[in-house]
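# An overview of the molecular structure
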Amino acid sequence: MADSEALFAAHNQKVFKYLCRAVGHVENARDLTQEVFLRASRSQATTNGDGSAWLFRIARNMALDHYRSRARHPEASALTDDGTRPASQDIDLAVNRALDALSPVDRDVFLLREVAGLGYEDISRACDLTVDAVRSRIHRTRLHLRDQLAAPIATCRTMAVTRSVRQHED
């Protein structure tokens, strides 16, 4: 079993960043991150390597439980579509919607790679997939997200250029 303090020091920020994106709410991510490390410290499981795959398996399972709970008890979104947000929040909203549209496995594989920075082998162990399946899912997800986010990003860029021109004219 890996030392709990060493696991925490090595992976706390990555687990938190993953859970922030996975659950979409900072406070929930903080709570879940604490619970991940609490469960890890109580576990008698042995880990291979640095323990990241095992730790992220716990985090992934907790995120999935959170999704199930959220599906049973939906709450109002913190980012509503009222047209008064800054452009950066529009992009955040578009990213969250695009991620929510993914299957849970594709979303988790993508977030474990892009947000948590895990390698393909660690992701395959955390998600019970082959390394080739992980590569394929990440590739398909990147293509899907690129298609889903092209229009919101273009709109944001156009708004930024327009704002810049107006400020220059004043």
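Okay, so let's go over this structure.

Parameters at a glance
- Residues numbered from 1 in each chain as written.
- Predicted model: local features only at pLDDT ≥ 70, side-chain atom pairs only at ≥ 80, totals over all residues.
- Heavy atoms only, no water.
- Phe/Tyr/Trp six-rings, centres within 6.5 Å; stacked < 30°, edge-to-face > 60°.
- Helix = DSSP H or I, 4+ residues; strand = E, 2+ residues; numbered from the N terminus.
- Buried < 20%, exposed > 50% of the residue type's maximum accessible area, 1.4 Å probe, protein only.
- Salt bridge = Lys/Arg side-chain N within 4 Å of Asp/Glu carboxyl O.
- Contact = heavy atoms within 4.5 Å.
- Core = buried A, V, L, I, M, F, W, Y, C linked by side-chain atoms within 4.5 Å.

Below, the discussion takes up the packing of aromatic side chains. Overall, the coordinates contain 2 aromatic pairs when judged by the stated rule. Measuring from centroid to centroid gives 5.0 Å for Phe8 and Phe37, while their planes differ by 75 degrees, and the two rings are edge-to-face. Pair noted here: Phe8 is in helix H1 (residues 4-23) and Phe37 is in helix H2 (residues 26-42), with a separation of 29 residues, a long-range link. Owing to a relative accessible area of 41%, Phe8 belongs among the partly exposed residues under this scheme. Overall, Phe37 belongs to the buried group, its relative accessible area being 10%. With a centroid separation of 6.0 Å and 80 degrees between ring planes, the pair formed by Tyr18 and Phe56 is classed as edge-to-face. Note that Tyr18 is positioned in helix H1 and Phe56 in helix H3 (residues 52-72), a separation of 38 residues in sequence.

As enumerated under the stated definition, the model contains 10 salt bridges in all. Asp122 is paired through a salt bridge with Arg125; the nearest N and O atoms lie 2.3 Å apart. Taken as a pair, Asp122 and Arg125 lie in helix H6 (residues 120-127) at a separation of 3 residues, close to a single helical turn. One network of salt bridges, in which partners are shared, links Asp106, Arg137 and Arg140.

This part takes up the environment of Asp100. Residue position: Asp100 is located in helix H4 (residues 87-100). For the pair Asp100 and Gly24, spaced 76 residues apart in the sequence, the C-alpha separation amounts to 9.5 Å. Once you skip the residues sitting within four places of it in the chain, Asp100 turns out to touch Arg70 and Arg107.

Here the focus is the nonpolar core. Grouped together as the largest cluster of nonpolar side chains are 40 residues, with contacts concentrated most on Val15, Tyr18, Leu19, Val36, Phe56, Leu112 and Ile123. Those elements giving two or more residues to this core turn out to be H1, H2, H3, H4, helix H5 (104-114), H6 and helix H7 (131-169). Discounting chain neighbours no more than four positions away, the residues touching Leu112 are Tyr18, Phe56, Gly117, Leu118, Ile123, Ala126 and Cys127.

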